[in-house]
Each structure stands twice: as C-alpha cells, then as structure tokens.
Amino acid sequence: MRLLERMRKDWFMVGIVLAIAGAKLEPSIGVNGGPLKPEITVSYIAVATIFFNSGLSLKTEELTSALVHLKLHLFIQIFTLAFFPATIWLFLQLLSITPINEWLLKGLQTVGCMPPPVSSAVILTKAVGGNEAAAIFNSAFGSFLGIVITPLLLLLFLGSSSSVPFTSIFSQLFMTVVVPLIIGQIVRRYIKDWLERKKPPFGAISSSVLLMIIYTTFCDTFSNPNIDLDKFSLVLILFIIFSIQLSFMLLTFIFSTRNNSGFTPADTVAIIFCSTHKSLTLGIPMLKIVFAGHEHLSLIS
C-alpha cells in the first residue's frame, strides 16, 4: 500500500520511466511519420495545449502586489536567465576535455538556458513560508521572458544545428507558444470565478501532455541506430546536476542573506527556489521547436 501511495504521489516520474520504456519497446509508433504523427500532434497541438493551459493557470491579476520588489525581481531574472547559463557554459568548457558524451553536456547547457518553472517554485516557496507573491510574479514573468530569451540562449550557446531556419523557429514559437498563452489569459478573464471554484488540475494536464512529448522524443532516440550512450557519462552527468543544484542554491542563499542585501528571510526562500529551478514543461517544447529534426535531440532532451 505504501508503495502504491508513493507511486500515486510521484506519478509523473513513474510516467517518464514508462514513456521511455514504451519508446524502447516500440519506437516506430512515435517517430516522425508514424501512427501518432508527432510532427503535427506534438510539434503543434501538444505544445499549444501546454501553453494554453499555462495561460489559463497564470494568476496575472495577483501579480501587482509584487511589482514593488524590483530589486528582488532583477536578482532572480538576471541569475536565472544570464548568470546561470553563462556559468554553465564556462563550466562545460572544462568538462569538454573529459570523455563525457558531448550531447549530454549540451543537454546540461540546455537546462541552464531554461526559464523558471511555472508551479513548482511557487509550491515550494509557499510550503516553507516564503514570499509567495514574489515567487508567483517571477515564475510568471520568467516564463514570458523565456519565450524570447530561451531560444536566443540556445542558439547562442549551442548554435542552430537545426534544419529549421531562424525565422521559422520564431514564427512557430509565436504560433504555438505566444498565441495560446495569450488566448489562455483572455479565456481566464471570463471564467476566472469558475476556475477559482473548481480548481482544475492544471499541473497534471500539462504533465500528461509532456509525457507524450517525452515519449515521441525517445521514440526518435531508439529508432536511431547511430546513438550510443555509455553508462559512465550518464552517471557522471547525474552527479554533476546534483552538485550544480546544491551549489547554486547555496550561492543564492549567501548573496541574499548578506547584511546589505535588503532581502527578508521570506524573500530569500523565493530567491532560492525561483533562481535555481528550471521548467521542463516550458523547456522541452521550446527545445523541440529550436532543434527540430536534429539527430541528437533526444540526448539533449
């Protein structure tokens, strides 16, 4: 019973494992041109669904109270979208001389370029009595910034290895990310009371759609006979991710608790969680658009 309860609680992690296992067993179902038609259902419908859902769930009407904390917002956004990816890039210059798989390293750089998460940082901040309004504002604002900044960072640090032209990347981003997000916000304005009353499972909906994206991504991986991933690289990358996460959380704690920082303990909590967490829900769809057709897309993912 305890195991079942745990699995129910961590259903998304279980879903990721099952999605990858399913892709391994029968990759032909989810490859481009296969029965699922991911070039349409994933690249357009699934991505648009996630961002429409994000538009519905973002409580932008509650963000005005947090606008006055300009210093806090600048700290979080600069750390997340400038310091974080630049530091990872410098670190990867050192790791490039090691035998670690280069595409896993590029995946690490990709993580560094992602925007902050829409929900998890807010949930964690609230759970320990942090500045929830600041967390909501920076998660929402960072997501909007990430629509433009994340693709630019990916192209800057990784280069466009995609067969998709630069203009096509941004036109697709606009149609599948910006437009659904705006429509979601417009619809929210008319059904806000109903949403507050019913509290739909926005996170579960986006996560379910994301599992489909992950499944089709790994279908491409396992259908490619040229991809060879050694266990040493994978284990080392896991250790590196863990170390980076702890180091950045410690760094934000040190900076935000200095005597002249001007931040309260509640602000520090919001800073730690919003600055060092990255959005899988927003990140993978963008990655699929920017690096559409790339043979190592799944390893980067």
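In this text the structure is predicted, and so the values were computed from the model without any measurement.

A. The arrangement of the overall build of the protein chain in detail. A tally of helices and strands in the protein chain yields 13 helices and 0 strands. Tracing the protein chain from N to C terminus, the helices and strands come up as α-α-α-α-α-α-α-α-α-α-α-α-α. For the protein chain, with 301 residues in total, the buried portion stands at 47%. In the form shown here, the protein chain has an accessible surface area of approximately 15,500 Å², with 70% of it arising from carbon and sulfur atoms.

B. Region of interest: the side chain of S233. In this fold, S233 is placed in helix α10 (residues 231-256). In this view, S233 contacts P99, I100, N101 and L104; residues no more than four positions away in its chain are not counted.

C. Local environment of the packing of helix α5 (residues 102-113) against helix α7 (residues 132-158). Taken N-terminus to C-terminus, the directions of α5 and α7 make an angle of 150 degrees; their axes are 9 Å apart at the nearest point. The orientation of α5 relative to α7 falls into the category roughly antiparallel. Considering the relative orientation of α5 and α7, their crossing is right-handed. Facing K106, Q109, T110 and C113 of α5, the residues of α7 in contact are T150, L153, L154, F157 and L158.

D. Representation of unusual backbone geometry in the model. We note that K37 has phi near 50 degrees; this positive angle belongs to a residue other than glycine. Structurally, the position occupied by K37 is in the loop between α2 (11-25) and α3 (38-57). Look at K37 and you get partly exposed, because its relative accessible area is 40%. For K199, which is not glycine, the phi dihedral falls at a positive 50 degrees. Relative to the elements of secondary structure, K199 occurs in the loop between α8 (166-198) and α9 (202-222).

E. Seen up close, the UniProt feature "transmembrane region" (unreviewed entry) in the protein chain. With numbering matched to this structure, UniProt assigns "transmembrane region" (unreviewed entry) to residues 41-58, 70-91, 103-124, 136-157, 169-188, 200-218 and 233-255. Along residues 70-91, the helical share is 100% and the strand share 0%, with 30 Å between the first and last C-alpha atoms.

F. Molecular detail of the pattern of salt bridges. A full pass over the atoms with the stated rule returns 1 salt bridge. Put simply, R188 and E196 hold a salt bridge, and the shortest N to O gap is 3.2 Å. The partly exposed category is assigned to E196, whose relative accessible area is 29%.

G. Summary view of helix α6 (residues 120-127). When we look at burial in α6, the residues that qualify are A121, V122 and T125. End-on view of α6: buried residues confined to an arc of 100 degrees, all on one side of the axis. Opposite the buried face of α6, by more than 90 degrees, sit the exposed residues I123 and A127. Where α6 is buried, its residues meet α7 and α11 (265-276). Immediately downstream of α6, the backbone of G129 shows phi near 75 degrees, a positive value.

H. Quick look at the nonpolar core. Of all hydrophobic cores here, the largest spans 28 residues; its most connected members are F51, L210 and I213. Counting only elements with at least two residues in this core, the list comes to α2, α3, α7, α8, α9 and α12 (280-290). Here the element with the most residues in this core is α9; it accounts for 8 residues.

I. Main features of the environment of H73. Note that H73 resides in helix α4 (residues 70-95). H73 gets classed as buried once you look at its relative accessible area, which sits at 5%. Along the primary structure H73 and C274 are separated by 201 residues, whereas in three dimensions their C-alpha atoms are 9.9 Å apart.

J. Just α10, in detail. Counted at 1.5 Å a residue, the expected span for α10 with its 26 residues is 38 Å, and the 38 Å between its end C-alpha atoms agrees. Here α10 has its buried residues at S233, I237, I240, I244, F248, T252 and S256.

K. Representation of a nonpolar patch on the surface in the model. On the surface, L3, L4 and M7 cluster together to form a nonpolar patch covering roughly 310 Å² of accessible area. Inspection of the secondary structure puts L3 in helix α1 (residues 2-9). Here L3 falls in the exposed class, since its relative accessible area comes to 61%.

L. Broad picture of the packing of α4 against α11. Where α4 meets α11, the axes come as close as 9 Å, and the angle between the chain directions of the two elements is 25 degrees. When the interaxial angle is binned, α4 and α11 end up roughly parallel. Where α4 crosses over α11, the handedness of that crossing is right-handed. In this structure, α4 contributes L72, F75, I76, F79, T80 and F84 to the contact, and α11 contributes D267, A270, I271, C274, S275 and T276. Its residues assigned to classes, the contact of α4 with α11 comprises 8 nonpolar, 3 polar and 1 charged.

The rules behind each value
Residues numbered from 1 in each chain as written. Predicted model: local features only at pLDDT ≥ 70, side-chain atom pairs only at ≥ 80, totals over all residues. Heavy atoms only, no water. Helix = DSSP H or I, 4+ residues; strand = E, 2+ residues; numbered from the N terminus. Buried < 20%, exposed > 50% of the residue type's maximum accessible area, 1.4 Å probe, protein only. Areas by Shrake-Rupley, 256 points an atom, 1.4 Å probe, with all protein chains shown as cover. Contact = heavy atoms within 4.5 Å. Axes fitted to C-alpha atoms, helices over the stretch in contact; angles between N-to-C directions. Parallel < 35°, antiparallel > 145°, perpendicular 65-115°, else oblique. Left-handed = near helix turned anticlockwise from the far one by under 90°. UniProt positions renumbered as here; feature names shortened; annotations may be inferred. Salt bridge = Lys/Arg side-chain N within 4 Å of Asp/Glu carboxyl O. Arc of directions from axis to C-beta. Core = buried A, V, L, I, M, F, W, Y, C linked by side-chain atoms within 4.5 Å. Expected span 1.5 Å × (residues − 1). Patch = residues over 30% accessible without salt bridge, like charges linked within 9 Å, V, L, I, M, F, W, Y side chains within 5 Å. Nonpolar A, V, L, I, M, F, W, Y, C, P; charged D, E, K, R; others polar.

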